[in-house]
Amino acid sequence: MAHTATSSHDKDHGHGHDGHDHHDHESIKVFGFWLFLITDVILFGTLFATFAVLRLSTDGGPTPDEMFKMPGVIAETFILLTSSFTSGIAVLQMHRGNKKGLIGWLAVTALLGASFIFLEVYEFIELVHEGVTIGTSAYWSAFFTLVGTHGLHVSVGLIWMVGLMIQLARRGITPVTQRKVNIISLYWHFLDVVWIFVLTVVYLMGVM
């Protein structure tokens, strides 16, 4: 009996130890994401600083007030800000334990994100069609690099989100998938904040 009790105690202790290790493992991953986000802040800060320095270096070529079509930019902004709202609803559904609602709102967020990328690519194609490329001048090099880097981040977020929806459909809401949903939502909000700076510094200041 004593041996059985001891074995049971060891088993319970081992189970608790495994749970503690799992919690530590998840915490490390969250910490790693914050480090990644800090490096992204530095990256975008550098790109914005470069753009600010080169904002007048059009080399006598096309200027932003001549080339920017603000209705499309406003549409992009509305779509991306709406996607931030829908990602927040997805997190709320997760906390309610509603797997179907969580996946559904993530899908809406992904569709909005894809619409944003479509409009951005269309804007780039129009600029190139009108003779403005990354090599036209220092200004346009800085423009395509900054805006393109943000678009690339949104595209990565879309792939990440689709993969997460597949995982949620297979495994449901678990501590691991909860952590991933929280991280993708935080990442998405970060991209929205960056876009507000892009809208202000690049587009609004460009046409004024």
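As shown above, the structure is provided for reference.
Bear in mind that the values here come from a model prediction, so they are computed numbers and not experimental data.

Q: I would appreciate a short explanation of the overall build of the protein in the present structure.
A: Counting its secondary structure elements, the protein contains 6 helices and 0 strands. In the protein, the succession of α and β elements from N to C terminus is α-α-α-α-α-α. The buried share among the 208 residues of the protein stands at 38%. When contacts within the protein are restricted to residue pairs at least 6 apart in sequence, those whose partners lie at least 24 apart make up 82%.

Q: How should the side chain of glutamine 167 be read in this particular structure?
A: Along the chain, glutamine 167 falls in helix H5 (residues 138-171). In contact with glutamine 167, not counting residues within four places along its chain, are Gly172, Thr177 and Lys180.

Q: Hey, could you run me through helix H3 (residues 70-95) in this one?
A: What sets the pattern is the α-helix's 3.6 residues per turn: residues three or four places apart point alike. Between the first and last C-alpha of H3 there are 38 Å, a value that for 26 residues agrees with the 38 Å anticipated at 1.5 Å per step. Positive phi shows up at glycine 97, right after H3, with a value of about 80 degrees.

Q: Hey, could you run me through the packing of helix H4 (residues 99-129) against H5 in this one?
A: Each packed pair of helices is defined by two parameters, the angle between the axes and the distance between the axes. Between H4 and H5, whose axes approach to 9 Å, the crossing angle comes to 155 degrees. As judged from the angle between their axes, H4 and H5 are roughly antiparallel. Crossing angle aside, the handedness with which H4 passes H5 is left-handed. Considering only residue class, the contact of H4 with H5 consists of 20 nonpolar, 6 polar and 3 charged.

Q: Just checking my understanding: could you explain the environment of methionine 67 for this structure?
A: Tracing the chain through its elements places methionine 67 in helix H2 (residues 64-67). Residue class for methionine 67 comes out buried when judged on its relative accessible area of 10%. Between the C-alpha atom of methionine 67 and that of glycine 206, which follows or precedes it by 139 residues, the distance is 9.6 Å. Not counting residues within four places of it along the chain, the set of residues in contact with methionine 67 comprises Pro62, Leu127, Glu130, Val132 and Trp140.

Q: Is there a simple way to explain the nonpolar core in this structure?
A: One recurring pattern in soluble globular proteins: nonpolar side chains tend to sit buried together. If you look at the biggest cluster of nonpolar residues, it comprises 50 residues, and the most contacted ones within it are Phe68, Trp140, Phe143, Trp195, Val198, Val202 and Tyr203. Those elements giving two or more residues to this core turn out to be helix H1 (2-54), H3, H4, H5 and helix H6 (175-207). Dropping the residues within four chain positions of it, tryptophan 195 is found in contact with Val73, Glu76, Thr77, Leu80, Phe116, Glu120, Val147, His150 and Tyr203.

Q: When you look at the side chain of glutamate 76 in this model, what are you seeing that I'm missing?
A: Topologically, glutamate 76 is positioned in helix H3. Despite being buried, glutamate 76 has no salt bridge partner; lysine 69 is the closest side chain of opposite charge, sitting 11 Å away. When near neighbours in sequence (up to four residues on either side) are disregarded, glutamate 76 contacts Phe116, Leu119, Glu120, Glu123 and Trp195.

Q: I tried to follow the packing of aromatic side chains on my own but got confused; where do I start?
A: Taken as a whole, this structure holds 19 aromatic pairs when the rule is applied. Taking 5.0 Å as the distance between ring centres and 90 degrees as the angle between the ring planes, the aromatic pair formed by phenylalanine 116 and tryptophan 195 counts as edge-to-face. With phenylalanine 116 in helix H4 and tryptophan 195 in helix H6, the pair connects residues that are 79 residues apart, well separated along the chain. Across the pair, tryptophan 195 and phenylalanine 116 agree in class, each one buried. Both rings, one in phenylalanine 124 and one in phenylalanine 144, keep their centres 5.0 Å apart while their planes meet at 70 degrees; by these two values the pair is edge-to-face. Of this pair, phenylalanine 124 sits in helix H4 while phenylalanine 144 sits in helix H5, and the two are 20 residues apart along the sequence.

Q: What exactly am I supposed to notice about the packing of H3 against H4 here?
A: One can describe the packing of H3 onto H4 by two numbers: an axis separation of 8 Å at closest approach and a directional angle of 165 degrees. Here H4 runs roughly antiparallel to H3, going by the angle between their axes. Taken as a pair, H3 and H4 cross one another with a handedness that is left-handed. Among the residues forming the contact of H3 with H4, the class breakdown is 14 nonpolar, 8 polar and 3 charged.

Q: Help me understand H6, please; the structure alone is not making it clear to me.
A: Over its 33 residues, H6 runs 47 Å from end to end, which matches the ideal 48 Å to within 8%, given 1.5 Å per residue. The sharpest bend along H6 reaches about 30 degrees and sits at leucine 199.

The rules behind these values
Residues numbered from 1 in each chain as written. Predicted model: local features only at pLDDT ≥ 70, side-chain atom pairs only at ≥ 80, totals over all residues. Heavy atoms only, no water. Helix = DSSP H or I, 4+ residues; strand = E, 2+ residues; numbered from the N terminus. Buried < 20%, exposed > 50% of the residue type's maximum accessible area, 1.4 Å probe, protein only. Contact = heavy atoms within 4.5 Å. Expected span 1.5 Å × (residues − 1). Axes fitted to C-alpha atoms, helices over the stretch in contact; angles between N-to-C directions. Parallel < 35°, antiparallel > 145°, perpendicular 65-115°, else oblique. Left-handed = near helix turned anticlockwise from the far one by under 90°. Nonpolar A, V, L, I, M, F, W, Y, C, P; charged D, E, K, R; others polar. Core = buried A, V, L, I, M, F, W, Y, C linked by side-chain atoms within 4.5 Å. Lys, Arg positive; Asp, Glu negative; His and termini not counted. Salt bridge = Lys/Arg side-chain N within 4 Å of Asp/Glu carboxyl O. Phe/Tyr/Trp six-rings, centres within 6.5 Å; stacked < 30°, edge-to-face > 60°. Bend = angle between axes of the 7 residues up to and from the residue.

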